[in-house]
Amino acid sequence: MTDRQLHLNAFLMGVGHHEAAWRHPRTEARRVLDVKHFQELARTAERGKLDSVFFADNLATGPRVRNNAPAIFEPITLLTAMAAVTTHVGLIATASTGYNEPFNLARKFTSLDHISGGRAGWNIVTSGGVDEAANFGYDEVPDHAGRYDRAAEFVDVALALWNSWEENALVLDAESGVFADSDKVRPIDHKGPRFAVRGPLNSPRSVQGRPLLVQAGSSESGKDFAAKYAEAVFTAQRTLAEGQQFYRDLTSRLARFGRRPEHLKVLPGIVPYLASTEAEAIALEAEFTDLISPEYSLRQLSWMLGTDLSTHSLDSPLPELPPIDKIRGNKSRYQLVKNLAESGDLTVRQLIGLLGGGRGHRTFAGTPEQLADDIELWFDGGAADGFNIMPPYLPGSLDLFVDEVVPILQQRGLFRTEYTETTLRGHYGLDSVPAPITASN
Ligand SMILES: Cc1cc2nc3c(=O)[nH]c(=O)nc-3n(C[C@H](O)[C@H](O)[C@H](O)COP(=O)(O)O)c2cc1C
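These numbers were taken from a predicted model, which means no experiment stands behind them.

1. Re the overall build of the protein
Turning to step 1, where the next piece is worked out: For the protein, the helix and strand inventory stands at 14 helices and 13 strands.
Turning to step 2, where the next piece is worked out: Taking 441 residues into account, the globule formula puts the C-alpha radius of gyration at 22 Å, and the protein, at 22 Å, falls close to it.
Turning to step 3, where the next piece is worked out: In the protein, buried positions account for 56% of the 441 residues.
Turning to step 4, where the next piece is worked out: Sequence separation of 24 or more characterises 77% of the internal contacts of the protein that already satisfy a separation of 6 or more.
Turning to step 5, where the next piece is worked out: Accessible surface, the protein: about 18700 Å² in total, of which carbon and sulfur atoms supply 51%.

Here it is in structure tokens:
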């Protein structure tokens, strides 16, 4: 037995993470538009005592819609519907700092936190897609450093708004007619390079005070941003050594911001194909790979690498790629995919097969016991505080994880058998009243 406990987040996407999941007989494609499907997934995650469920988001569909459209519902809206049928599981929504205003977004997260009884989390993204930029009046993606500067000011404003209502500002005294103590509800008077916000927020302080702050960018600016603000980090590390290196790097940055390693949980992603034998699991993964549409995958790959591959031969290696400083979008995914292609000397066809399950996240094909071993290895080996579980097809592979893998982790004393807390911050072992964030630079 060990005191340290795993944190498990179910990263949900449509009817599965695999880009061809909707074509496989184990799924029902129509359910991508069925709120009951998502409510059932939330209940399944709660049955497994998972810390949280999470939705990614993109603010564009672009030309990829012919073969797949993974993020159909707006995440905060969808998670609110999931909050209504659950009591414990955390609810993490992706929202962009590039294409929102802090006041509107802070209010939405406060609403989700009130409605869910303290279970809201925000995956803070800067939005690096060219199709996204085109939906908000930009000819090209705003530059990388500028996006992170905007993200920092955005989060500072949101934090100030969440603090604009003191804890006991809501009085609700019918006798005296005092609804709220106006001395405890203050303007924030923010005037910065990008935002001017008077405040206060038009919603009382929520159960957690503010949502759990999550981040998933792994470039140098992304890691600094995470070290300053994030309480959980989602990341795509493919090998144990890379995972350990990332974990060390990220946690070593915390002290600069007056934070300690226990203030931040690192959760690498994993796409699990589970079966009763390893051979069956490998065969199952191959069934999904066979359904990949090269046209779709090439578009995805072109986007990740900042290089047009639409006319490139599938059976050749990648062409020469631009240097990383020319990548305006997602730098860490570019680096990951480039390394993957070069280290295995892969053709484009082999590469898109490997990326189909989780867009660069690690895939795992094996038995529940083997997956539990792998999770334990990373957890004990200094590479993870938990995992972002990315079911390749839904609902089946989430059911399998919850019913077959979670009990093994529980037997090994690595994962809770009951919820001991009611809030998302509580599940992640964080203080209920967030410490003020201080920055040394
Ligand atoms: C697990 C995971 C989930 C992510 N989800 C989103 C998302 O929903 N929307 C988005 O725009 N970016 C998403 N990203 C990308 C990052 O948040 C980040 O924007 C990207 O890595 C670019 O930052 P970087 O250049 O610092 O790496 C995700 C990344 C990871 C690892």
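2. Quick notes on the environment of Arg 66
Turning to step 1, where the next piece is worked out: With respect to the element layout, Arg 66 can be found in the loop between strand E2 (52-55) and helix H2 (75-83).
Turning to step 2, where the next piece is worked out: Overall, Arg 66 belongs to the exposed group, its relative accessible area being 66%.
Turning to step 3, where the next piece is worked out: It is 9.3 Å that separates the C-alpha atoms of Arg 66 and Glu 295, two residues lying 229 residues apart in sequence.

3. Focus: the domain arrangement of the protein
Frequently, the measure chosen for interface size is the accessible area that the parts lose on association.
Turning to step 1, where the next piece is worked out: Here the domain parsing of the protein yields domain 1 (7-277 + 362-427) and domain 2 (293-355).
Turning to step 2, where the next piece is worked out: A C-alpha centroid distance of 27 Å is found between domain 1 and domain 2.
Turning to step 3, where the next piece is worked out: If you look at the interface, domain 1 gives 21 residues, while domain 2 gives 14 residues.
Turning to step 4, where the next piece is worked out: In total, domain 1 and domain 2 occlude about 1700 Å² of area from one another, counting both sides; carbon and sulfur atoms represent 51% of this.
Turning to step 5, where the next piece is worked out: Among the residues domain 1 hides against domain 2, the three largest losses belong to Glu 19, Arg 64 and Arg 238. Together they make up 34% of the total.
Turning to step 6, where the next piece is worked out: Inspection of the region where domain 1 meets domain 2 yields zero salt bridges.
Turning to step 7, where the next piece is worked out: Of the residues contributing to the side of domain 1 that touches domain 2, the split by class is six nonpolar, eight polar and seven charged.

4. Some remarks on a nonpolar patch on the surface
Turning to step 1, where the next piece is worked out: Together, Leu 170, Leu 172 and Phe 179 give the surface a local cluster of nonpolar side chains, amounting to about 310 Å² of exposed area.
Turning to step 2, where the next piece is worked out: The topology assignment puts Phe 179 in strand E6 (residues 178-180).

5. Structural notes on the packing of aromatic side chains
Turning to step 1, where the next piece is worked out: Scanning the model with the defined rule gives 15 aromatic pairs in all.
Turning to step 2, where the next piece is worked out: Ring geometry for Phe 38 against Phe 55: centres 5.7 Å apart, planes inclined by 70°, an arrangement best described as edge-to-face. With Phe 38 in helix H1 (residues 35-47) and Phe 55 in strand E2, this residue pair connects regions lying 17 residues apart in the sequence.
Turning to step 3, where the next piece is worked out: Taking the relative accessible area as the measure of exposure, Phe 55 reaches 6% and is therefore buried.
Turning to step 4, where the next piece is worked out: Put simply, the rings of Phe 109, Trp 122, Phe 154, Trp 162 and Phe 195 touch in pairs and so form one group of aromatic residues.

6. Some remarks on the nonpolar core
The nonpolar side chains of soluble globular proteins are, as a tendency, buried together.
Turning to step 1, where the next piece is worked out: Membership of the largest hydrophobic core comes to 70 residues, with the highest contact counts inside it found for Leu 8, Leu 12, Val 53, Met 82, Trp 122, Trp 162 and Leu 409.
Turning to step 2, where the next piece is worked out: With ten residues, the single largest contributor to this core is helix H5 (residues 144-162).
Turning to step 3, where the next piece is worked out: In terms of nonpolar packing, the next biggest core, distinct from the first, is built from 22 residues, Phe 234, Ala 281, Ala 365 and Leu 430 among them.

7. Topic: the environment of Leu 8
Turning to step 1, where the next piece is worked out: You can see Leu 8 is positioned in strand E1 (residues 7-12).
Turning to step 2, where the next piece is worked out: Separated by 255 residues in sequence, Leu 8 and His 263 place their C-alpha atoms 16 Å apart.

8. Comments concerning the site of the ligand
Turning to step 1, where the next piece is worked out: Within the structure, the ligand sits among 23 residues, and Asp 57, His 144, Tyr 148, Ser 219 and Ser 332 are positioned closest to it.
Turning to step 2, where the next piece is worked out: Between Thr 94 and the ligand, the recorded distance is 3.4 Å, taken from a side-chain N or O atom to an oxygen atom.
Turning to step 3, where the next piece is worked out: In this structure, Ser 218 approaches the ligand through a main-chain N or O atom, which is 3.2 Å from an oxygen atom.
Turning to step 4, where the next piece is worked out: When the free accessible area of the ligand is taken as 620 Å², the share hidden by the protein chains comes to 92%.
Turning to step 5, where the next piece is worked out: Looking at the shell around the ligand, the elements with two or more residues in it are strand E4 (120-125), H5, strand E10 (232-235) and helix H10 (331-343).
Turning to step 6, where the next piece is worked out: With three residues, H10 is the largest single contributor of residues to the shell around the ligand.
Turning to step 7, where the next piece is worked out: Taken together, the residues of the shell around the ligand sort by class into six nonpolar, 14 polar and three charged.

9. Focus: unusual backbone geometry
Turning to step 1, where the next piece is worked out: Cis geometry marks the peptide bond from Gly 199 to Pro 200; its omega dihedral reads -5°.
Turning to step 2, where the next piece is worked out: Across the junction of Leu 394 and Pro 395, the peptide omega takes the value 5°, indicating a cis bond.
Turning to step 3, where the next piece is worked out: You can see Pro 395 is positioned in the loop between strand E13 (386-389) and helix H13 (396-411).
Turning to step 4, where the next piece is worked out: A positive phi angle, near 65°, is found at Ser 127, a position not held by glycine.

10. Observations regarding the packing of H10 against helix H11 (residues 348-355)
Turning to step 1, where the next piece is worked out: As a packed pair, H10 and H11 sit with axes 10 Å apart at the nearest point and diverge in direction by 130°. With respect to each other, H10 and H11 are oriented oblique. Judged by the sense of rotation from one axis to the other, the crossing of H10 with H11 is right-handed. Where H10 abuts H11, its residues Val 337, Leu 340 and Ala 341 lie against Leu 351, Leu 354 and Leu 355.
Turning to step 2, where the next piece is worked out: Classifying every residue of the contact of H10 with H11 gives six nonpolar, no polar and no charged.

11. Let's talk about the packing of helix H6 (residues 220-229) against helix H7 (residues 240-252)
Turning to step 1, where the next piece is worked out: Two elements in contact, H6 and H7, have axes whose closest approach is 9 Å; the angle formed by their N-to-C orientations is 55°. Classed by the angle they form, the pair H6 and H7 counts as oblique. Of the two elements, H6 crosses H7, and the hand of that crossing is right-handed. Contacts from Lys 223, Ala 226 and Ala 227 in H6 reach Phe 246, Asp 249 and Leu 250 in H7.

Each value, and the rule that gives it
Residues numbered from 1 in each chain as written. Predicted model: local features only at pLDDT ≥ 70, side-chain atom pairs only at ≥ 80, totals over all residues. Heavy atoms only, no water. Helix = DSSP H or I, 4+ residues; strand = E, 2+ residues; numbered from the N terminus. Rg over C-alpha atoms; globule rule 2.2 N^0.38 Å. Buried < 20%, exposed > 50% of the residue type's maximum accessible area, 1.4 Å probe, protein only. Contact = heavy atoms within 4.5 Å. Areas by Shrake-Rupley, 256 points an atom, 1.4 Å probe, with all protein chains shown as cover. Domains from an automatic or database assignment. Buried area = accessible area lost by both parts, 1.4 Å probe. Salt bridge = Lys/Arg side-chain N within 4 Å of Asp/Glu carboxyl O. Nonpolar A, V, L, I, M, F, W, Y, C, P; charged D, E, K, R; others polar. Patch = residues over 30% accessible without salt bridge, like charges linked within 9 Å, V, L, I, M, F, W, Y side chains within 5 Å. Phe/Tyr/Trp six-rings, centres within 6.5 Å; stacked < 30°, edge-to-face > 60°. Core = buried A, V, L, I, M, F, W, Y, C linked by side-chain atoms within 4.5 Å. Near = heavy atom within 4 Å. Polar contact = N/O pair within 3.5 Å; in protein donor to acceptor, adjacent residues only side chain to side chain. Axes fitted to C-alpha atoms, helices over the stretch in contact; angles between N-to-C directions. Parallel < 35°, antiparallel > 145°, perpendicular 65-115°, else oblique. Left-handed = near helix turned anticlockwise from the far one by under 90°.

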